[in-house]
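Each chain, written out:
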Amino acid sequence: MVLACSAIEFEAMGPRSAALDQGHGMTEIRSTGSMGNGLFATKHIPRATQVLDEVPVLAIPASSELDPDDDIPAFCTALQHLFRTEWKRLDDLHCNTALITPARRATIRQWYKDKGITDNNGDTLKGKKLQDAAKATTKRFAIFLTNRVQMGAQGLYGSGVFPLYSRINHSCVPNVHNAYNPGTQRLTLYSIRDIGAGEQITTSYISSACRTRQQRREETENWGFVCSCLACTDTSIDLLRQRMFELDQRLAAYESPWQRRMDLRTSPLARMLAPAMPSSVKGALQDAEQLAELLKRQGLEGMELCKTYRECSKYSLKLGSTEKAMYYARKELDIERCCIGTETAHLQKDMEGAEYWLAHLEHLCGGTGNSGEVKGELIIV
Ligand SMILES: C[S@@+](CC[C@H](N)C(=O)[O-])C[C@H]1O[C@@H](n2cnc3c(N)ncnc32)[C@H](O)[C@@H]1O
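Residues numbered from 1 in each chain as written. Predicted model: local features only at pLDDT ≥ 70, side-chain atom pairs only at ≥ 80, totals over all residues. Heavy atoms only, no water.

Trainee: When you look at the site of the ligand in this model, what are you seeing that I'm missing?
Mentor: Looking at the ligand, there are 16 residues lining it, with Met35, Asn37, Arg167, Asn169 and His170 nearest. A distance of 2.7 Å separates a nitrogen atom of the ligand from a polar backbone atom of methionine 35. Serine 228 is positioned with one of its backbone polar atoms (N or O) 3.1 Å from a nitrogen atom of the ligand. Notes on the ligand: free accessible area 570 Å², of which the protein chains cover 92%. Of all the secondary structure elements, the ones that give two or more residues to the shell around the ligand are α5 (127-147) and β7 (169-170). For the shell around the ligand, the residue count by class is six nonpolar, nine polar and one charged. (Near = heavy atom within 4 Å. Polar contact = N/O pair within 3.5 Å; in protein donor to acceptor, adjacent residues only side chain to side chain. Areas by Shrake-Rupley, 256 points an atom, 1.4 Å probe, with all protein chains shown as cover. Helix = DSSP H or I, 4+ residues; strand = E, 2+ residues; numbered from the N terminus. Nonpolar A, V, L, I, M, F, W, Y, C, P; charged D, E, K, R; others polar.)

Encoded structure:
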């Protein structure tokens, strides 16, 4: 049996996470006009500055993510463990009302019944009290879906709602990068270019910048809004984004020939792009260099550029040019430090990340960083 209104008891203990929001005194929340509220810089923020460092107000474990409704039991359980002050922080956030559905309310009501949730007096919730509890929880679930962030790649560490981060609107040309650090269990946000005082801080909600206008629209529609960012109101960059998409697909296919064979059978798009796939390491390097150039040109200096520099470095190494491989590895490290800071011990531990790759190249070159004969086994990650 779980007690629904234990918040009163919690309240007496005081808020657990108040004062844990770390906005570092350089931002404020205010109205954007067209996108609701947003987060704005109150002073000039130089590139590679940590803008925010925050713990979630609510988090749930990793799930399949295929159907958000699969997360309802984990969400309801997590909600029961919050203080009343934390419910209030959740309730203050933006709610996409399209995400409040009768089916969700029914599932949540059933969850309350099955768990035998009680009120403050220890009486099992039923009738109107049960209806009201299910209604309030359904709205909170919609708030969760509106604001949630995946913690780690593909939500490896679950997903959570971070109150200050939740105020940040989406842009297809974002000026910050967010990352969950499993070492510190916090979400950090770094500026990926200089942000002027008064400028809105924007992040990307979508999977990749290498997407056409139509593909970006489909992704933001899944979030329940039509994007009104600069890139979506400016048609002059459409050709660049189309080219970026093609290069990204070609490189992905080059990296995963198995996937390419599958796609050729099932996807008309893959068949359309097939003749243009790079047929050699040299061709792949050219594609990766071109993609890096296009990302930079549009100020998309986030982790996608980092990944592309790694590809440039890997292909250069395969072609025997260790000097060029080191050059791109250093560029990758610069972007990685800009996007996620230097608390990256977890990446080193998992033999990932730019520092790991650079150290690996230095080892291959005999620790000098100079070009020359490659020592030992070549491990391409
Ligand atoms: C996580 S919240 C962001 C903060 C929110 N604007 C607020 O008032 O608290 C996400 C919601 O903001 C709005 N939004 C975010 N980015 C947008 C964009 N690029 N264009 C239009 N609306 C946007 C949408 O309503 C979306 O559901």
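There's more to say after this.
Trainee: Help me understand the nonpolar core, please; the structure alone is not making it clear to me.
Mentor: For soluble globular proteins, the rule of thumb is that nonpolar side chains tend to be buried together. By size, the foremost hydrophobic cluster in this structure holds 34 residues, and its most contacted members are Met244, Leu291, Leu295 and Tyr315. Broken down by element, this core gets its largest block of residues, seven residues, from helix α11 (residues 281-297). Mapping this core onto the domain boundaries places at least three of its residues in each of domain 1 (7-203) and domain 2 (236-244 + 277-364). Those residues in contact with leucine 291 that lie beyond four places of it in its chain are Cys210, Met244, Leu247, Asp248, Leu251 and Thr308. (Core = buried A, V, L, I, M, F, W, Y, C linked by side-chain atoms within 4.5 Å. Buried < 20%, exposed > 50% of the residue type's maximum accessible area, 1.4 Å probe, protein only. Domains from an automatic or database assignment. Contact = heavy atoms within 4.5 Å.)

Trainee: Where do I start with the state of the cysteines in this structure?
Mentor: Put plainly, two cysteines are in a disulfide when a covalent bond ties their sulfur atoms together. What the rule picks out here adds up to zero disulfides. Unpaired in terms of disulfides, cysteine 172 finds its nearest cysteine sulfur in cysteine 232, a separation of 3.6 Å. (Disulfide = S-S within 2.5 Å.)

Trainee: Can you help me understand the packing of aromatic side chains in this one?
Mentor: The geometry of two aromatic rings is summed up by the distance between their centres and the angle between their planes. What the rule picks out here adds up to 10 aromatic pairs. Between the aromatic rings of tyrosine 254 and tyrosine 315, the centroid separation amounts to 5.7 Å while the plane-to-plane angle is 80 degrees, which identifies the pairing as edge-to-face. Placement of the pair is tyrosine 254 in helix α8 (residues 238-255) and tyrosine 315 in helix α12 (residues 303-318), with a sequence separation of 61 residues. By relative accessible area, which is 19% here, tyrosine 254 ends up buried. Measuring from centroid to centroid gives 5.1 Å for tyrosine 327 and tyrosine 328, while their planes differ by 70 degrees, and the two rings are edge-to-face. You can call tyrosine 327 partly exposed: its relative accessible area is 43%. Judged by relative accessible area, tyrosine 328 falls into the buried class, the value being 10%. Through a chain of ring-to-ring contacts, the aromatic side chains of Phe75, Phe141 and Phe144 assemble into a single cluster. Above the ring of phenylalanine 40, the side-chain terminus of arginine 30 is found at 3.9 Å from the ring centroid. (Phe/Tyr/Trp six-rings, centres within 6.5 Å; stacked < 30°, edge-to-face > 60°. Lys NZ or Arg CZ within 6 Å of the ring centre and 35° of its normal.)

Trainee: What should I look at first to understand the sheet that holds strand β8 (residues 176-181) in this one?
Mentor: Strands belonging to one sheet form pairs held by backbone hydrogen bonds; the direction of such a pair is parallel or antiparallel. Across the sheet, three strands lie side by side as β3-β9-β8; this open sheet has antiparallel pairing. Pairing within the sheet leaves two strands with one partner each, and these edge strands are β3 (50-54) and β8. If you compare each strand with its neighbour and ignore which way they point, the axes differ by 15 degrees on average. Note that β8 and strand β9 (residues 186-191) share six bridges and pair antiparallel. Paired with asparagine 181 across the bridge in β9 is arginine 186. Each of β8 and β9 is contacted by helix α13 (residues 322-340), which is oriented at about 120 degrees to β9, the strand it contacts most. (Pairing = 2+ DSSP bridges. Axes fitted to C-alpha atoms, helices over the stretch in contact; angles between N-to-C directions.)

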